[in-house]
Amino acid sequence: MGTEQEDATDFKGVGVEIWTSFNTLHTRNNMDTVNWAVENGVNADLGHQDLVVDFGCGTGEVVSKMAGLGMFGSAQVLGLDNNLSFIKHAIKQGRKRNNASFFWSEYQDDLEFLFSKCSLVTVFSVLHLLPPAIQTYSLDFINSLLKKTGKILILHYLGRSEQCFNKCIDIFEEMKASEKWKHLIGGAIHKSMETLRKEKKDSLANLLNKLKSSGFAVSQCEEVYKNVIVVENTWKVIFNNRDIRRLEFGQAYSGIPFMERPQFVSEYARKFELKRIDTNSHFCMILAEKL
């Protein structure tokens, strides 16, 4: 029937309308992380010759906020993303700001003009999506952007909160028992709580080790629980991306054919909306300095 070949494995095909429908709390969480960094010693009094870069800026809301609020004085704030539609949207939305710019980062060799010129690079909920080799390459690239003693600020997604994850397991059992879906997922197994805990621990440990290998010294590391908007469009992105789907659920939903996925996602989203969840996501804020 075909379940995997239609999957997208990156965000280049995700449209602006879907993305912006659920990123409001992401923006708030990212700005909270910026404030945390300033409280922990990041220099906010930068001049017009200084550059701040948001790596994986999406549709540019955080860049526009940092620039518009003067979070880093008169520094130029730049957004980089490999989704061209996101960059076009960000340019259109931020065109009236003379201290905010956006660049398509599909070909990173084109960005050599930024090498060794940036005071700060922010990376919000991006690195967990990257395969190990690309994650390492990205950290090395970010290091090349930074001045000596420049800093990297990361908000790293570790996974769902345990309360939220338990609700996801409940939904799996409900869907598995339904006449409509049991023939597709009746024999499937959902990722366990034990696996979730191990993956979170390993994800953070691996990132901290890679930061060290890429020439950074970590000065601050703090785990936090935050809410993000989880609506039907969120689930569409998750279920239609094989790697993210496996990150969230393991192999639980690999048997859902592509053509039946929209109906399945709609039903899953309705069930999730009925669950009472206090905080749905687990992150780690990390601040490190280029050696």
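This section reports on the structure supplied with the text. (Residues numbered from 1 in each chain as written. Predicted model: local features only at pLDDT ≥ 70, side-chain atom pairs only at ≥ 80, totals over all residues. Heavy atoms only, no water.)

### A few points about the packing of aromatic side chains
So, point 1. Applying the stated rule across the entire model yields 20 aromatic pairs.
So, point 2. Of the aromatic side chains, those joined through ring pairs into one cluster are Phe172, Trp181, Trp235, Phe239, Phe249, Tyr253, Phe264, Tyr268 and Phe272. (Phe/Tyr/Trp six-rings, centres within 6.5 Å; stacked < 30°, edge-to-face > 60°.)

### Some remarks on helix H2 (residues 24-39)
So, point 1. Its 16 residues give H2 an end-to-end C-alpha distance of 23 Å, which sits within 8% of 22 Å, the value for a rise of 1.5 Å per residue.
So, point 2. The complete set of buried residues in H2 reads Leu25, Thr27, Asn29, Asn30, Met31, Thr33, Val34, Trp36 and Ala37.
So, point 3. Looking at the buried residues of H2, the elements they touch are helix H3 (61-68), strand S4 (118-124), strand S5 (146-160), strand S6 (216-226) and strand S7 (281-290).
So, point 4. Looking at the residues trailing H2, positive phi occurs at glycine 41, about 105°. (Helix = DSSP H or I, 4+ residues; strand = E, 2+ residues; numbered from the N terminus. Expected span 1.5 Å × (residues − 1). Buried < 20%, exposed > 50% of the residue type's maximum accessible area, 1.4 Å probe, protein only. Contact = heavy atoms within 4.5 Å.)

### Brief notes about the environment of threonine 149
So, point 1. Topologically, threonine 149 is positioned in strand S5.
So, point 2. For threonine 149, a relative accessible area of 43% translates into the label partly exposed.
So, point 3. Sequence separation of threonine 149 and leucine 120 is 29 residues, and the distance between their C-alpha atoms is 9.5 Å.
So, point 4. Excluding anything up to four places from it in sequence, threonine 149 contacts Glu289 and Lys290.

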